[in-house]
Amino acid sequence: MIFPVSFRIRYEQSQVAKALSSICVLLARLKSYPFKTAVEQSVVAIAVWGIFCVVSVRLKRRRFSTAVRRSFRVERGLSAIATGCCLLGGAQALLASHLVTGNGYGFAVVSPEVGAVTKFYAHPYSFVAPDPQKPLSEGIETTNFITSIGWTNPAGPQNGSYYVEDSHVIAIHSYRGDLMAFMPFGFGHPALILLSVPANSDERLQVRWAHDVDSEKEIEFAGAMGSSSGRVLHFSGVQESLLLVPLESVRHETKKQPLSGSRYWALISIGPGEDTQGVFSEFNQWRNGLTPNSMAKRETQQLERWRVKPAVHFASEEEQHLWRQSEVMLRMAQSREPNREGRHGNGLIVAALPDGVFFTPWVRDMAWATVALARMGHREEARAAVLAYFNAKPTGRMRAETGGADYQISVVRYFGNGEEEPFFTQEGSTNIEFDDWGEALWVLGEYLKRYDDSDLLQAETYRGNLYESARDFVMKPLLANTEPYGGGLIVAADTSIWEERQRDKKHFAFSTAAAIFGLREFADVAMRAGDEKTRSEVLGKADALQKGFDAAFIRGGHLRGTLEQGVKNDIDGALIPIINFGVVKDPTIIRDTVERMKLLKVVSGGYRRVRGTYTDPAIYEYWYEQEEFLFVDLSLAELYRRLGKTGEADAILARIVKKAAADHDIIPEMYVAVPCKLFPGKVGDPTGALPMVGYGAGAFVLHVMERERWRAAGGK
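Criteria and cut-off values
- Every chain begins its residue count from 1, and numbering advances along the sequence as written.
- Two thresholds apply to this predicted model, a pLDDT of at least 70 for residue-level local features and 80 or more for giving and counting side-chain atom pairs, whereas whole-chain, interface and lining totals are computed over all residues.
- Only hydrogens and water are removed before side-chain values are computed, so all heavy atoms of the structure are retained for them.
- Working definition: helices are DSSP H or I runs of at least four residues, strands are E runs of at least two. Numbering for both runs from the N terminus.
- Each residue is placed in one exposure class: buried if its accessible area under a 1.4 Å probe, protein chains only, is under 20% of its type's maximum, exposed if it is over 50%, and partly exposed if it falls in between.
- For this analysis, a polar contact is any N or O atom pair within 3.5 Å, provided that within protein one partner can donate a hydrogen and the other can accept it, and provided that sequence-adjacent residues contribute only side-chain to side-chain pairs.
- A contact between two residues is defined here by any heavy atoms of the two lying within 4.5 Å.
- The span you would expect from a helix comes to 1.5 Å times its residue count less one.
- Salt bridge criterion: a side-chain nitrogen from Lys or Arg within 4 Å of a carboxyl oxygen from Asp or Glu.
- Confidence per residue, as judged by the predictor, is encoded in pLDDT with a range of 0 to 100.
- Each pair of strands is called paired provided DSSP finds at least two bridges between the two strands.
- Counting rule applied: Lys, Arg positive; Asp, Glu negative; His and chain ends not counted.

**Student:** Residue-level account of the side chain of Ser604, with values.
**Tutor:** In this fold, Ser604 is placed in the loop between helix H17 (587-596) and helix H18 (620-624). For Ser604, a relative accessible area of 11% translates into the label buried. Within polar-contact distance, the side chain of Ser604 engages the side chain of Glu628 at 2.6 Å. Once you skip the residues sitting within four places of it in the chain, Ser604 turns out to touch Glu628, Arg655, Val672, Ala673, Val683 and Gly684.

Laid out in structure tokens, this is it:
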């Protein structure tokens, strides 16, 4: 059982909570004690370790029920406390990342540090639409309703938060009580379900709204399952309203704290113009008379039925947990909002989950996430993502920068409503990233190879049927933005995979490589569509691009990241996926590239993207380009495996798995290599955007599947 259902279990949980709280308090007090010598520190650390061992042994002897030990994952909790003993010796404990729940219609965020829900977003992305008053801004921000939802007294140690059974259901345990939060996939609206069990009669749920409440109204609903009531809140300056539905009878409610009167709640965002009574009715139908605990149990059961049995062999239990959690991260990241007038973002996948800075749909990150979903066997989600590329609109905003060619796939990313966002505003200018178009063609080819879905090519999209849209508004504009080089072709100068500043655009190896592997995939798509003329043309252009690539980017016996000379991209982490895609096959060049990767090695243990050349610490990229980038790590691990260096490959993967296991099975964008204000923490801590989706969960899943394919082909 995933939540307390009996007095015995609740009592046992409270005893475990008290024991863990006591140890946490002891550690906190000892950390501030002025020890005079290292011997004193060691003696006290051993004493605390002894307490830990006693508690652990008592649990191992089944002094507590199996249900309690499983639901609390006591062993993990105690391991964390044991790690905390290191604080006495001067080491710093890893700060846990925030946990996210989502259902494709919105997100909610849990902060383990305070043991509370700290965000509830009305949409599954960070920015709804462009701001007409500020054309180069991030856009109109998605509504967040809350600052916190937690217990009456926020002070005191937290015993931990975790994902229940590697799901999107989050459990929060503390000495004040237990709280569970999740957003249900089966309900087609942004809804946050809260289940709480206070530790004593004085504890109540309390909420701090992110906006002033303008007005509120009680509503009633009578249906087949009986009557129920709710309250609608309207906030100052917010388009959406919020429907509060108690899931049990309300007692001891106060007007200032509307959640204090019940232990169980549903919070439902109501969009402008939506029928509140209709949404209320849908919710009651979805609930189907279930108790709150049964709703949570049903949610995890339905998630298990959604999962696809992995076609891989895992190296460890930790790796299997990370796979399962990554599978859920990929699902949570995809918008399920239906397309309608003014909104065309159904199926788009954000690059990271909140509160990561990039919970925005990026073409490139979405490509890795979509291919991961397709190869895992999640056909419905992968198909929706492919369609999203071709239904998003309006696009083609940067024709002045694309030789006048109209195009469908964004040159950078999308607003939540599906409009093209052709800039990365931390640079303060528009960007052109031609590699996006090649990667979109790669995704289409990968999906069709996996599922042979001929109907997809005939599906009506924004610019006609999908095949014609891909041919006329992806393939053709890509070819229109090539230029002669070395008897072949290369892609025109752009900002490419690492999103350089537009004023620093160059001829990047990765953009030409993406055109090569994307066009080769599209040749097979054209064959499926019976378009032999296009197929022949595409193969000819891909060969010309390969010839141009070899001339432009393989010089002096080295594979280089740009045509232009410069230390920054002379050795480039993007060269590794180029090799993995089969664009470079010369063993000598490959070995040389791998050898030169030591120039990108950082003290945290992995690799950064490039050798940064910025000299002004006020510039974001000055720090960003010094940190360890996990996408590069995973790409290099794959190349090591292809080269037969399985030990090196396994070590890279095992390190990522182990670090994720200590942080709720979350894969971040980066690890700290150079601590700074933008990326704080100690060396090796997770940082940047997290949880990372395409370049995190997606890249991990694809690497594990590539390992399986390699082993099946005779690799070790």
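Picking up after the structure, the text goes on.
**Student:** Account for helix H19 (residues 630-642), naming residues and giving values.
**Tutor:** The end-to-end C-alpha distance of H19 is 19 Å, a good match for the 18 Å that 13 residues give at a rise of 1.5 Å each. Across the 13 residues that make up H19, a large majority, twelve, are buried. Listing the buried residues of H19 in full gives Leu630, Phe631, Val632, Asp633, Leu634, Ser635, Leu636, Ala637, Glu638, Leu639, Tyr640 and Arg641. Looking at the residues trailing H19, positive phi occurs at Gly644, about 85°.

**Student:** Outline the pattern of salt bridges, supporting the account with residue identities and numerical values.
**Tutor:** Enumeration according to the criterion identifies 43 salt bridges in this entry. Across the salt bridge formed by Arg399 and Asp406, the nearest N and O atoms sit 3.7 Å from each other. Across the salt bridge formed by Arg560 and Asp570, the nearest N and O atoms sit 2.3 Å from each other. Linking Arg560 in the loop between strand E25 (558-559) and helix H15 (567-570) with Asp570 in helix H15, this pair joins segments that are ten residues apart in sequence. Via salt bridges that share partners, Arg364, Glu433, Asp435, Asp436, Glu439 and Glu499 belong to a single interconnected network.

**Student:** Help me get a handle on the environment of Lys217, residues and values and all.
**Tutor:** Here Lys217 lies in strand E12 (residues 213-223). C-alpha separation for the pair Lys217 and Leu233, spaced 16 residues apart in sequence, amounts to 6.7 Å. Setting aside chain neighbours within four positions, we find Lys217 in contact with Gly230, Arg231 and Val232.

**Student:** Pulling in residues and values, what's your account of the confidence of the model for the protein?
**Tutor:** For the protein, mean pLDDT is 88; residues scoring 70 or higher make up 84% of the total. Low pLDDT (under 50) marks residues 1-15, which in the prediction has 36 contacts with non-local residues, meaning those over four places away or in another chain. Every residue in residues 27-38 is under pLDDT 50, and counting partners more than four places away or in other chains gives 14 contacts.

**Student:** Mind laying out the sheet that holds strand E28 (residues 686-687), listing which residues take part and the relevant values?
**Tutor:** The three strands lie next to each other as E26-E27-E28, forming an open sheet whose pairing is antiparallel. Since the sheet does not close on itself, it has two edges, and those belong to strand E26 (628-629) and E28, each with one partner. In terms of strand pairing, strand E27 (residues 670-671) meets E28 through two bridges, oriented antiparallel. Across the sheet, the residue bridging to Met670 is Thr687, located in E28.

**Student:** Describe in detail helix H5 (residues 276-287), supporting the description with residues and values.
**Tutor:** For H5, built from twelve residues, the straight-helix expectation of 16 Å at 1.5 Å per residue is met to within 8% by its first-to-last C-alpha distance of 16 Å. Here H5 starts with a cap whose side-chain oxygen sits 3.2 Å from the backbone nitrogen of Gln277, and that cap is Asp275. Looking one or two residues past H5, Asn288 carries a phi angle of roughly 60°, positive in sign.

**Student:** Just give me the short version of unusual backbone geometry, but keep the residues and values in it.
**Tutor:** Put simply, Pro354 and Asp355 share a cis peptide bond, and its omega is 0°. Inspection of the secondary structure assignment puts Asp355 in the loop between helix H7 (317-332) and helix H8 (363-376). Look at the link from Lys393 to Pro394: it is a cis peptide, with omega at -5°. The backbone of Glu165 shows a phi angle near 50°, a positive value even though the residue is not glycine. Of the residues examined, Glu165 reaches a relative accessible area of 42% and is grouped as partly exposed. The residue His664 is not glycine, and still its phi comes out positive at about 60°. Positionally, His664 belongs in the loop between helix H20 (646-661) and E27.

**Student:** Any details on the side chain of Glu627? Residues and values, ideally.
**Tutor:** Inspection of the secondary structure puts Glu627 in the loop between H18 and E26. In this structure, Glu627 is buried with no salt-bridge partner, the nearest side chain bearing the opposite charge being Arg608 at 9.2 Å. Among the polar contacts made by the side chain of Glu627, one reaches the main-chain amide nitrogen of Ala673 at a distance of 2.7 Å. The residues touching Glu627, leaving out its near neighbours within four places in the chain, are Tyr607, Arg608, Met670, Tyr671, Val672, Ala673, Val674, Cys676 and Phe679.

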